[in-house]
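Now for the letters of each chain:
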Amino acid sequence: MAISRGHQLLACVFLFAAARWAEAAGASTAVNLGKRSCGSPNLVTTTSQRVSRYYEMKDSIQGGMIANISHSLAHRINLFQRKSCIQGSVAEIGVHHGEYFFSFAVVAADDEQKLAIDIFEDQRLNIDGSGHGSLQAFLEHGKQLGVSNIRYIQGDSQQVTAADIRNMDIPPVRFFSVDGAHHKAATVSDLRLAASVLHPDGVIVVDDITNWHWMGVLDGTMDWLMHEGSDFAPFMLYCNKLYIARKSSHATYYNLVKSLDCIDCTANHPGMHPTRFTMFGKPMCGSTAESAIMCPAYASPGLEAPRYQPHEHMGKCQPHEYESNR
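Worth saying up front: this structure is predicted, and the values here are computed from it rather than measured.

(A) Highlighting the overall build of the protein. Along the protein, the regular secondary structure elements total 10 helices and 9 strands. Across the 326 residues that make up the protein, the buried fraction comes to 57%. When contacts within the protein are restricted to residue pairs at least 6 apart in sequence, those whose partners lie at least 24 apart make up 75%. Accessible surface, the protein: about 13,500 Å² in total, of which carbon and sulfur atoms supply 53%.

Here it is as structure tokens:
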């Protein structure tokens, strides 16, 4: 189904505004990033074309129960990174067919490497039944979206090392999504791998952190943060995803998301004592609707998910935030 010219125009307007906003946010949130600007003159134009195409076809890309706001936040964070000279690569463990992967891959630069790690059809490795991906479908979606430099490792992510990734000549990862096997051991292993190849100013996003059907994700993430990941802290918990950065760049991303007009950051609520939104010694943005089931606009085709009336702040990140039931 093709999107209208009006939607294409809205996508262009969104990306232009987001780029301008990201540039301004970079100047106010961190000393080490604030004076840098790496956005090329055609950044918004070339990116908007891919984003428009992504929203045209995203409902046909299987990827799980992903709220549209999560796609928007991926756009915002990645565009901010590019405008702030945070360059490297992007990656995801557990891509399935690529719905979330391509939400940030379409914003990445053409020459940036986009790494996918998944067992795909090798389901004998899927011990907890947490996904059934397709390499062919994933690569076809990348081709249709015009995403270049897609690299992939087919296999158990727990067997992948930082050396394996570096040997593929993949630069430090600035945006790393963790959505692999959902038991504790796999979650800890995936976070260990992500941290070992992460850009100094990079972001890790953990999916299903509040999904009560997969408690191993929460268990593993908290274990990793308390022990191996002591240099990291979350800066946002929103719609079933936990966003993590090194403590050295935590303020940059926390101030970034706190300033967004498309999320209802609990830290902005009047009368909120800091202890109510502090985690691992750092403040973070939460939501009054942290759980996946409370976030509107699911993107899974054929899924009859409950629809909740969005509050006034949600839906302003990008123009396709709320669509009719599929």
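(B) Focus on the environment of Asn 149. Tracing the backbone through its elements, the reader meets Asn 149 in the loop between helix H6 (135-145) and strand S3 (150-154). Sequence separation of Asn 149 and Leu 115 is 34 residues, and the distance between their C-alpha atoms is 8.5 Å. Excluding residues that lie within four positions of it along the chain, Asn 149 makes contacts with Asp 110, Asp 111, Glu 112, Gln 113 and Lys 114. One polar contact links the side chain of Asn 149 to the main-chain carbonyl oxygen of Asp 110, over a distance of 2.7 Å.

(C) A look at the packing of aromatic side chains. Counting across every chain of the model gives 13 aromatic pairs. Arranged with centres 5.2 Å apart and planes meeting at 25°, the rings of Phe 102 and Phe 138 form a pair that is stacked. Highlighted residues: Phe 102 in helix H5 (residues 99-105) and Phe 138 in helix H6, separated in sequence by 36 residues. The pair formed by Phe 102 and Phe 138 is uniform in burial state, with each residue classed as buried. Measuring from centroid to centroid gives 4.9 Å for Phe 104 and Phe 175, while their planes differ by 50°, and the two rings are tilted. Of the two residues, Phe 104 sits in helix H5 while Phe 175 sits in strand S4 (residues 173-178), which places them 71 residues apart along the sequence. Members of the aromatic cluster, connected to one another through ring pairs, are Tyr 100, Phe 101, Phe 102, Phe 104, Phe 120, Phe 138, Tyr 152 and Phe 175. Over the face of the ring belonging to Tyr 100 we find Lys 241, whose NZ or CZ atom lies 3.8 Å from the ring centre.

Analysis parameters
- Residues numbered from 1 in each chain as written.
- Predicted model: local features only at pLDDT ≥ 70, side-chain atom pairs only at ≥ 80, totals over all residues.
- Heavy atoms only, no water.
- Helix = DSSP H or I, 4+ residues; strand = E, 2+ residues; numbered from the N terminus.
- Buried < 20%, exposed > 50% of the residue type's maximum accessible area, 1.4 Å probe, protein only.
- Contact = heavy atoms within 4.5 Å.
- Areas by Shrake-Rupley, 256 points an atom, 1.4 Å probe, with all protein chains shown as cover.
- Polar contact = N/O pair within 3.5 Å; in protein donor to acceptor, adjacent residues only side chain to side chain.
- Phe/Tyr/Trp six-rings, centres within 6.5 Å; stacked < 30°, edge-to-face > 60°.
- Lys NZ or Arg CZ within 6 Å of the ring centre and 35° of its normal.

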